Amino acid sequence: NKPVSISFGALASDNQHRREIVKRLVQNGVETRIFSAGNLGLHPFWYERYGKFNDKMSNKIHSNGFFLPNYPELTLKEIQYICDIVKG
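Residues numbered from 1 in each chain as written. Predicted model: local features only at pLDDT ≥ 70, side-chain atom pairs only at ≥ 80, totals over all residues. Heavy atoms only, no water.

**Q** For this particular structure, what's the right way to read the overall build of the protein chain?
**A** The secondary structure content of the protein chain amounts to 4 helices and 3 strands. Starting at the N terminus, the α and β elements of the protein chain follow one another as β-α-β-α-α-β-α. Computed over its C-alpha atoms, the radius of gyration of the protein chain comes to 15 Å, more than 25% above the 12 Å expected for a compact globule of 88 residues. Once the C-alpha set of the protein chain is aligned to its principal axes, its extents read approximately 45 × 35 × 20 Å. The burial tally for the protein chain puts 20% of its 88 residues in the buried class. Put simply, of all contacts in the protein chain between residues at least 6 apart along the chain, 69% involve residues at least 24 apart. Of the roughly 6700 Å² that the protein chain leaves accessible, carbon and sulfur atoms contribute 56%. Across the protein chain, the centroid of the 12 positively charged side chains sits 3 Å from that of the 8 negatively charged ones. (Helix = DSSP H or I, 4+ residues; strand = E, 2+ residues; numbered from the N terminus. Rg over C-alpha atoms; globule rule 2.2 N^0.38 Å. Buried < 20%, exposed > 50% of the residue type's maximum accessible area, 1.4 Å probe, protein only. Contact = heavy atoms within 4.5 Å. Areas by Shrake-Rupley, 256 points an atom, 1.4 Å probe, with all protein chains shown as cover. Lys, Arg positive; Asp, Glu negative; His and termini not counted. Charge placed at Lys NZ, Arg CZ, Asp CG, Glu CD.)

So, in structure tokens, the structure goes:
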């Protein structure tokens with residue numbers, strides 16, 4: 001079996017840093033998304049039924065996580081381009 005990955009999860013140092021990185025990626029034509037769920041215990045569908053769930057790492061992923069493209073056709077040049085944008 002081969003793993004299939006269409007994105008690479010990363011963490012910014014804080015929420016503001018994530019916003020800056022995501023903005024730069026979008027401005028430079030690189031597809032990105034924030035973590036689609038993060039800490040499910042902070043979403044209304046969860047906490048309205050079970051109460052809020054707080055966990056240090058889950059909250060960090062929820063607030064600071066984002067995805068970078070990751071697929072076999074990416075060239076080394078494209079990977080470097082994405083890295084340069086993220087590093088600012």
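**Q** Mind showing me how you'd approach the side chain of Asn39 here?
**A** Mapping Asn39 onto the fold places it in the loop between β2 (33-34) and α2 (44-50). Looking at Asn39, the relative accessible area reads 2%, which means it is buried. For Asn39, the residues in contact, after removing those within four places along its chain, are Phe53, Asn54, Asp55, Ser58, Asn59 and His62.

**Q** When you look at the packing of aromatic side chains in this model, what are you seeing that I'm missing?
**A** Note on aromatic pairs: each is described by the distance of the centres and the angle between the planes. Under the counting rule described, the total for this entry stands at 1 aromatic pair. When the centroid spacing of 4.6 Å and the interplanar angle of 45 degrees are considered together, the rings of Trp46 and Tyr50 count as tilted. Residue Trp46 and its partner Tyr50 are both found in helix α2; the two are separated by 4 residues, about one turn of the helix. For the cation-ring pair, Lys52 lies above Tyr47, with the distance from its terminal atom to the ring centre recorded as 4.8 Å. (Phe/Tyr/Trp six-rings, centres within 6.5 Å; stacked < 30°, edge-to-face > 60°. Lys NZ or Arg CZ within 6 Å of the ring centre and 35° of its normal.)

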